[in-house]
Structure formats: C-alpha cells, structure tokens
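# Residue-level structure breakdown
Below, each chain spelled out in residue letters.
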Amino acid sequence: MAEDPLKPFETLDPELLDLVRETNKFALAEGALPRKIKFLIAMALDSAHGTVEGTRALADQAMKAGATQEEVVETIRVAQYISGVGSVYTAAHAFKELF
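What this report covers is the structure whose coordinates are included nearby.

What counts, and where the lines are drawn
- Here the residue numbering is sequential within each chain, running from 1 through the sequence in written order.
- Per-residue local features of the predicted model are confined to residues with pLDDT of at least 70, and side-chain atom pairs are confined, for both listing and counting, to 80 or more; whole-chain, interface and lining totals are unaffected and use all residues.
- Hydrogens and waters are ignored; side-chain quantities use all the structure's heavy atoms.
- Here a salt bridge means any side-chain nitrogen of Lys or Arg lying within 4 Å of a carboxyl oxygen belonging to Asp or Glu.
- Here a helix means four or more residues in a row that DSSP labels H or I, a strand means two or more in a row labelled E, and each is numbered from the N terminus.
- Any residue under 20% of the maximum accessible area for its type is buried, any over 50% is exposed, and the rest in between are partly exposed; the area is computed with a 1.4 Å probe on protein chains only.
- Only C-alpha atoms enter the line fits that serve as axes; for helices the fit covers just the stretch in contact. Angles between N-to-C directions range over 0 to 180 degrees.
- An angle below 35 degrees is read as roughly parallel, one above 145 as roughly antiparallel, one from 65 to 115 as roughly perpendicular, and any other as oblique.
- Crossing handedness is read from the near helix: turned anticlockwise from the far helix by less than a right angle, it gives a left-handed crossing, and turned clockwise, a right-handed one.
- Pairs of residues are marked as contacts when any of their non-hydrogen atoms sit within 4.5 Å.
- Side-chain classes follow a simple rule in which Ala, Val, Leu, Ile, Met, Phe, Trp, Tyr, Cys and Pro form the nonpolar group, Asp, Glu, Lys and Arg form the charged group, and the remainder, Gly included, forms the polar group.

Turning our eyes to something else, we now look at the pattern of salt bridges. Counted under the stated rule, the structure contains 6 salt bridges. We note a salt bridge from Glu-22 to Lys-25, for which the minimum N-O separation is 3.5 Å. Separated by 3 residues within a single helix, Glu-22 and Lys-25 lie in helix α2 (residues 14-28), roughly one turn from each other. Owing to a relative accessible area of 53%, Lys-25 belongs among the exposed residues under this scheme.

Structure below.
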C-alpha cells in the first residue's frame, strides 16, 4: 500500500491530522448509505477534481467495501455528467493499475 499522503502532518500539525482522520471516520461510517456508496461518491468527487491518486485509492476502498468494477466505472458516468469529461480522463489514469 502507498504511503499515507498525510504523513507529513504527523509532525507539522498533528492536531489537524487528528481532525482530518476523525472527519474521515465520521463521513465514511456505515449508516443510511452503505460504505461502498460513500466511497463511490467520494471517488466521483475526486475524479471531478482531477485527483488521480484519490480516485484510485477510493475506487480500491469502494471495491474492498463490496462495490463491483461495474459500479466503480458507472459512478464515473455520473461524475462526467455533472463535472465534464475531465473526470473520465482522471479516472482512466487512476484505473490503469486497478483493472
């Protein structure tokens, strides 16, 4: 697994890092929406923002939470509809190592 991208904050600002990690747990906890759906939403947002590594990591987490490859790819259709073709290019780069 890749190194934690937030690792520098362990020394730079551990309080901020704790807040980010707690927010992550809160936002992605099982609830009315299953975790796989939450990861798919987050992946769509990252692809819309052009974040290749985040898109890849979230697609992987979604699949580990039970999402299928088809669900991951179909989620990018929604991102493209809302945010444009850039999200498809981001996802294509992110998916090279996953599929």
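From this point, things continue past the structure.
For the pair helix α3 (residues 35-48) and helix α4 (residues 52-64), the least separation of the axes is 8 Å and the interaxial angle reads 165°. Taken as axis vectors, α3 and α4 run roughly antiparallel relative to one another. Read as a crossing pair, α3 and α4 show a hand that is left-handed. For the pair α3 and α4, the contacting residues are Lys-36, Phe-39, Leu-40, Ala-42, Met-43, Asp-46 and Ser-47 in the first and Gly-54, Thr-55, Leu-58, Ala-59, Gln-61 and Ala-62 in the second. Its residues assigned to classes, the contact of α3 with α4 comprises 7 nonpolar, 4 polar and 2 charged.

What follows deals with the environment of Arg-56. Among the secondary structure elements, Arg-56 is positioned in helix α4. Here Arg-56 falls in the buried class, since its relative accessible area comes to 14%. When sequence neighbours within four positions are dropped, the list of residues in contact with Arg-56 reads His-93, Ala-94, Glu-97 and Leu-98.

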